[in-house]
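# Analysis of the macromolecular model
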Amino acid sequence: MIIAKTINEVRQAVSQAKQKGQKVGLVPTMGALHAGHVSLIREAAKQTDFVVVSVFVNPTQFGPNEDFDKYPRNLNADADVCEKAGADVVFAPEVNEMYPKQLDTWVNVEGKLTETLCGASRPGHFRGVATVCTKLFNIVLPDLAFFGQKDAQQVAVIKNMVKDLNMPLEIVACPIIREESGLAMSSRNKYLSETQREQAAVISRSLRECEAAFLDGETDCAKLKLLIMTTLSEVPTIEPEYICFVYPDTLEPLDEITDRALVAIAVRLGPARLIDNKILSLNK
Ligand code: AMP
C-alpha cells in the first residue's frame with residue numbers, strides 16, 4: 001500500500017491503475033479510523049479494483065469555535081487500518097497541499113439541503129465539505145466514492161452536488177456501523193468519558209423506539225418526536241440540538257410520514273456533539 005502525501009503522487013498511482021483498466025474507488029475520511037470507516041473501505045474493495053482512502057482533517061468544514069485543533073490525528077494507526085481493510089493508497093496531504101492559498105472558488109449547495117439539520121448550527125460546514133469533496137474527486141477521479149449514512153445530510157448534499165454539476169462518478173451510501181450498545185461509531189466518541197459513552201446509547205435507543213412506533217402505525221411526526229424527546233430526557237445531561245423528520249433525498253420537512261422519512265438527531269453530551277439517524281420505511 002502506498003502512502004501519498006502529495007497530489008502528484010496520488011494522481012500518478014491512480015493513473016497507473018486506470019491504465020490497467022482498473023475501476024477506482026475513493027473513501028474520503030478525516031482519519032481516527034474505526035469500524036465505520038473500515039466498512040466503507042471493505043465495500044470499496046468489493047465494488048472497485050483500486051481503493052484510495054483520503055485521510056485529511058479538512059479545516060474549511062470546521063467553524064471557528066469547533067474542534068479542528070483537538071480533532072484526533074494518528075496517521076500510522078490509520079495507515080495500518082487502511083491496509084488491513086484492503087486499501088491500495090492512503091492519500092494524506094498536509095493542509096498546505098490542499099489549500100496552498102486562500103481559495104477564491106467554493107462549491108455551495110444551496111437551499112434546504114444545507115440550511116436545515118446540521119447546516120442550521122454549523123454555517124459554512126457544508127460549503128467546506130462540498131468544496132473538499134470536489135477537490136478530492138478532481139484529484140482522484142474515482143468511478144465510485146463511498147460515504148456513510150451516519151452523515152445522512154452529507155450524503156444528500158454530495159449526491160445532489162454530483163447530479164447538479166454532472167460530476168462523472170457514482171456516490172455509494174453505506175449503512176451506519178454501531179457499537180454493541182447501539183451508539184453510532186464516530187471519531188468524536190473519543191471525547192466521551194466511560195459514563196458518557198454508556199449514556200450516549202440512549203440516542204440510538206430513542207431512534208429504535210421511534211421506528212417501532214412508526215411500524216406500529218404512528219405516522220404523526222410531532223408524536224414521534226415527543227417519543228424521542230421523552231426517551232432522551234432519561235439522561236438529563238443530554239442537550240438535544242435538533243430532532244427532525246425530513247424527506248431523505250431533499251431534506252424538506254415532514255409532518256406526516258406517508259412512505260419514507262429520515263429521522264435525524266443531534267445532541268450535545270459533555271464535550272461532544274453527536275449525531276445519529278434512521279430511515280423509517282414501511283418497505284424495508
Ligand atoms: P469522518 O472521518 O467522520 O469524516 O467520516 C468519513 C466517512 O466515514 C463519512 O462518509 C462518514 O459518514 C463515514 N462514517 C463515519 N462513521 C461511520 C459509521 N459509524 N458507520 C458508517 N460510516 C461512518
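The rules we used
- Residues numbered from 1 in each chain as written.
- Predicted model: local features only at pLDDT ≥ 70, side-chain atom pairs only at ≥ 80, totals over all residues.
- Heavy atoms only, no water.
- Helix = DSSP H or I, 4+ residues; strand = E, 2+ residues; numbered from the N terminus.
- Buried < 20%, exposed > 50% of the residue type's maximum accessible area, 1.4 Å probe, protein only.
- Contact = heavy atoms within 4.5 Å.
- Areas by Shrake-Rupley, 256 points an atom, 1.4 Å probe, with all protein chains shown as cover.
- Lys, Arg positive; Asp, Glu negative; His and termini not counted.
- Charge placed at Lys NZ, Arg CZ, Asp CG, Glu CD.
- Pairing = 2+ DSSP bridges.
- Axes fitted to C-alpha atoms, helices over the stretch in contact; angles between N-to-C directions.
- Near = heavy atom within 4 Å.
- Polar contact = N/O pair within 3.5 Å; in protein donor to acceptor, adjacent residues only side chain to side chain.
- Salt bridge = Lys/Arg side-chain N within 4 Å of Asp/Glu carboxyl O.
- Expected span 1.5 Å × (residues − 1).

### A word on the overall build of the protein
- For the protein, the helix and strand inventory stands at eleven helices and nine strands.
- Along the first, second and third principal axes, the C-alpha set of the protein runs to 55 × 40 × 35 Å.
- Split into buried and exposed, the 284 residues of the protein put 54% on the buried side.
- The contacts in the protein between residues at least 6 apart in sequence include a share of 73% that link residues at least 24 apart.
- Only carbon and sulfur atoms are counted for the fraction: they give 49% of the accessible area of the protein, which is about 13,700 Å².
- In the protein, which carries 31 positive and 37 negative side-chain charges, the distance between the mean positions of the two groups comes to 3 Å.

### Digging into the sheet that holds strand β6 (residues 170-174)
- One open sheet holds the six strands; their spatial order is β1-β4-β3-β2-β5-β6, and the pairing between them is parallel. Single-partner strands in this sheet number two, and they are β1 (2-4) and β6. The average angle at which neighbouring strand axes cross in this sheet is 25°, direction not considered.
- Strand direction decides the pairing type here: strand β2 (residues 24-29) and strand β3 (residues 50-55), joined by six bridges, are parallel. Residue pairing for β3: T29 is matched across the bridge by V55.
- Along the sheet face, helix α2 (residues 35-47) touches β2, β3, β5 (144-148) and β6 and points at about 155° away from the line of β5.

### Some remarks on the site of the ligand
- Lining the immediate environment of the ligand, one finds 17 residues, of which M30, G148, D151, I177 and M185 sit closest.
- Within the contact set of the ligand, an oxygen atom lies 2.9 Å away from a backbone nitrogen or oxygen of M30.
- Of all elements in the fold, only β2, α2 and β5 reach the threshold of two or more residues within the shell around the ligand.
- Looking at the shell around the ligand, the element that brings in the most residues is α2, giving three residues.

### Some details on the pattern of salt bridges
- Taken as a whole, this structure holds eleven salt bridges when the rule is applied.
- The shortest N-O distance in the salt bridge between D67 and R188 comes to 2.9 Å. Taken as a pair, D67 in the loop between β3 and α3 (75-85) and R188 in the loop between β6 and α9 (194-199) lie far apart in primary sequence, 121 residues in all. Note on accessibility: D67 and R188 belong to one class, buried.
- Salt bridges sharing partners connect three or more residues here, namely R205, E209 and E234.

### A word on helix α8 (residues 152-164)
- With 13 residues, α8 should reach 18 Å at 1.5 Å per residue; the first-to-last C-alpha distance of 18 Å fits that figure.
- Residues of α8 that are buried include every one of A152, Q153, Q154, V155, A156, V157, I158, M161 and V162, and no others.
- Of the residues trailing α8, N166 is marked for its positive phi of about 50°.

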